[in-house]
Amino acid sequence: MTRFNIHRLLSVKSQQAWQLWFALAFVAFVVHLFTLRISPTIWMDEVAIVEYGRTALWGSDQGWSINWSLQGRPTMTLSYLACSLQEIACRLGEVSEIGPRLCSLLGAVLAGTFMLGWLIKRGSKPFTALSIATLLFLDPVFAQSYRGARVDCWVFAFIFLTCWLIWRSSDGK
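(A) The environment of Ser145, seen in detail. Mapped onto the elements of the fold, Ser145 is located in helix α7 (residues 140-147). By relative accessible area, which is 9% here, Ser145 ends up buried. Between the alpha carbons of Ser145 and Leu105 there is a distance of 9.5 Å; along the sequence they are 40 residues apart. If we ignore the near neighbours within four places in the chain, the residues touching Ser145 are Arg150 and Asp152. A polar contact of 3.2 Å, which involves the side chain of Ser145, links it to the side chain of Asp152.

The structure is reproduced here in structure tokens:
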């Protein structure tokens, strides 16, 4: 019987960290998939985000909306591009809550993946980078956000991707 060796765990190589990350992300993704329809109940934020995307993509001249401006017409905002992503996901999900929630879940997986890549690229120990990426992905506040179809996860994903690409282009110097 082998005994637990903390030094061996801390000396995880970069490739092993990636393998562990993908295994963990896959398991968590599957668990979330089974509960996307039932938890949480649909929030007003979820509906409003998709609605902003609908008016941005299809125009506000349709005469109806749940987001009204002070001028008495549907609010149209072009500055919030992630809403458009959620509207497309809603349409692909045949107008159900699954599309936007699945889209947000994918964004959360990418956020953790890009964070892991950036931390490893900048020279962090692979075990530390894996731990931090896992903590981000499983953080209760972050998980509540992406399970409620919010787009914060996509913001984090693009932030960490940008950090990773900048660090990569500068060769860490």
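(B) A look at the pattern of salt bridges. A complete count under the given rule lists 1 salt bridge for this structure. The shortest N-O distance in the salt bridge between Arg150 and Asp152 comes to 3.7 Å. For Arg150, a relative accessible area of 25% gives the class partly exposed.

(C) Looking closely at helix α5 (residues 98-121). In this model, α5 (24 residues) spans 34 Å end to end at C-alpha, consistent with the 34 Å of a helix rising 1.5 Å per residue. Among the 24 residues that make up α5, 19 are buried, leaving the element largely enclosed by the rest of the structure. Downstream of α5 by a residue or two, Gly123 has a phi angle that is positive, lying close to 100 degrees.

(D) View of the nonpolar core. With 33 residues, the main nonpolar core has Trp21, Leu116, Phe137, Phe142 and Tyr146 as its most contacted residues. Secondary-structure elements contributing two or more residues to this core are α2 (14-35), α5, α6 (126-138), α7 and α8 (152-169). Sequence-distant contacts of Trp21, defined by excluding residues within four places in its chain, comprise Val109, Gly112, Thr113, Leu116, Leu130, Ala133, Thr134 and Phe137.

(E) Spotlight on the state of the cysteines. Within the structure shown, the criterion is met by 0 disulfides. The cysteine Cys153 is free of any disulfide, with Cys103 supplying the nearest cysteine sulfur at 7.3 Å. Of the residues examined, Cys153 reaches a relative accessible area of 1% and is grouped as buried.

Cut-offs and rules
Along every chain, residues carry numbers that run from 1 in the direction the sequence is written. It should be noted that, the model being predicted, local features are given only for residues of pLDDT at least 70 and side-chain atom pairs only at 80 or more, the latter also being counted only at that level, while totals for whole chains, interfaces and linings use all residues. Water and hydrogen atoms were dropped before computing side-chain values, which therefore reflect all heavy atoms in the structure. Strands here are runs of E lasting at least two residues and helices are runs of H or I lasting at least four, both read from the DSSP assignment and numbered beginning at the N terminus. Type-normalised accessible area, obtained with a 1.4 Å probe on protein chains alone, sets the label of each residue: buried when under 20%, exposed when over 50%, and partly exposed for intermediate values. Pairs of residues are marked as contacts when any of their non-hydrogen atoms sit within 4.5 Å. For this analysis, a polar contact is any N or O atom pair within 3.5 Å, provided that within protein one partner can donate a hydrogen and the other can accept it, and provided that sequence-adjacent residues contribute only side-chain to side-chain pairs. The working definition used for a salt bridge is a side-chain nitrogen of Lys or Arg within 4 Å of a carboxyl oxygen of Asp or Glu. Multiplying 1.5 Å by the residue count of a helix minus one yields the expected span of that helix. Among the buried residues, those of types Ala, Val, Leu, Ile, Met, Phe, Trp, Tyr and Cys that are joined through side-chain atoms within 4.5 Å form a nonpolar core. Count a disulfide wherever a pair of cysteine sulfur atoms falls within 2.5 Å.

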